[in-house]
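Each chain is listed here by its residues.
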Amino acid sequence: MSLTLHSYNWWYNLWKKSDTVSIKECKELKCLEEAWQEWLSCDNDYARRDIGMMEVEGGNYFNLV
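Conventions and cut-offs
Residues numbered from 1 in each chain as written. Predicted model: local features only at pLDDT ≥ 70, side-chain atom pairs only at ≥ 80, totals over all residues. Heavy atoms only, no water. Core = buried A, V, L, I, M, F, W, Y, C linked by side-chain atoms within 4.5 Å. Buried < 20%, exposed > 50% of the residue type's maximum accessible area, 1.4 Å probe, protein only. Helix = DSSP H or I, 4+ residues; strand = E, 2+ residues; numbered from the N terminus. Contact = heavy atoms within 4.5 Å. Phe/Tyr/Trp six-rings, centres within 6.5 Å; stacked < 30°, edge-to-face > 60°. 1 Å grid on protein atoms, 1.4 Å probe; cavity = no way out; pocket = protein on both sides within 12 Å on 5 of 7 lines; lining within 4 Å. Points joined across faces, edges and corners; volume = space filled by probe spheres on them. Nonpolar A, V, L, I, M, F, W, Y, C, P; charged D, E, K, R; others polar. Patch = residues over 30% accessible without salt bridge, like charges linked within 9 Å, V, L, I, M, F, W, Y side chains within 5 Å. Areas by Shrake-Rupley, 256 points an atom, 1.4 Å probe, with all protein chains shown as cover. Salt bridge = Lys/Arg side-chain N within 4 Å of Asp/Glu carboxyl O.

J.: What is the right way to look at the nonpolar core in this model?
T.: A general trend in soluble globular proteins is that nonpolar side chains are found buried together. Of all hydrophobic cores here, the largest spans five residues; its members are Leu32, Trp36, Leu40, Met54 and Phe62. Per-element accounting of this core gives the leading share, three residues, to helix α2 (residues 32–41). When neighbours within four sequence positions are excluded, Met54 is seen to be in contact with Trp36, Leu40, Gly59 and Phe62.

This is the structure in structure tokens:
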């Protein structure tokens, strides 16, 4: 997980260094809360394990970019 879970600022700073990536926009998606709720309420073992993680992090760290 440490290879993929980063803030949108982290991703932006990585992508802006690339000669092959053109950044049009980099922001948190408006569907963030809805997407997480759908994931956490689905019948999936990984999603059920994420419930506790999301409760502890309190909406401060995980987003969709």
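J.: What is the right way to read the packing of aromatic side chains from this model?
T.: The full count for this structure, using the stated rule, is two aromatic pairs. Consider the rings of Trp10 and Trp11, whose centres lie 4.8 Å apart with planes at 85 degrees: the pair is edge-to-face. Judged by relative accessible area, Trp10 falls into the partly exposed class, the value being 36%.

J.: When you look at the layout of surface pockets in this model, what are you seeing that I'm missing?
T.: Unfilled space is identified by rolling a water-sized probe across the atoms. Quantified by volume, the largest pocket comes out at close to 160 Å³. What lines the largest pocket is simply Leu32, Glu33, Trp36, Gln37, Leu40, Met54, Glu57, Gly59 and Phe62. Of all elements in the fold, only α2 and α3 (45–57) reach the threshold of two or more residues within the lining of the largest pocket. For the lining of the largest pocket, the leading source of residues is α2, giving five residues. Split into classes, the residues belonging to the lining of the largest pocket amount to five nonpolar, two polar and two charged.

J.: Please clarify how a nonpolar patch on the surface should be interpreted in this entry.
T.: Together, Trp10, Leu14, Trp15 and Val21 give the surface a local cluster of nonpolar side chains, amounting to about 330 Å² of exposed area. Residue position: Leu14 is located in helix α1 (residues 8–15).

Read these as spatial facts, not as claims about activity.
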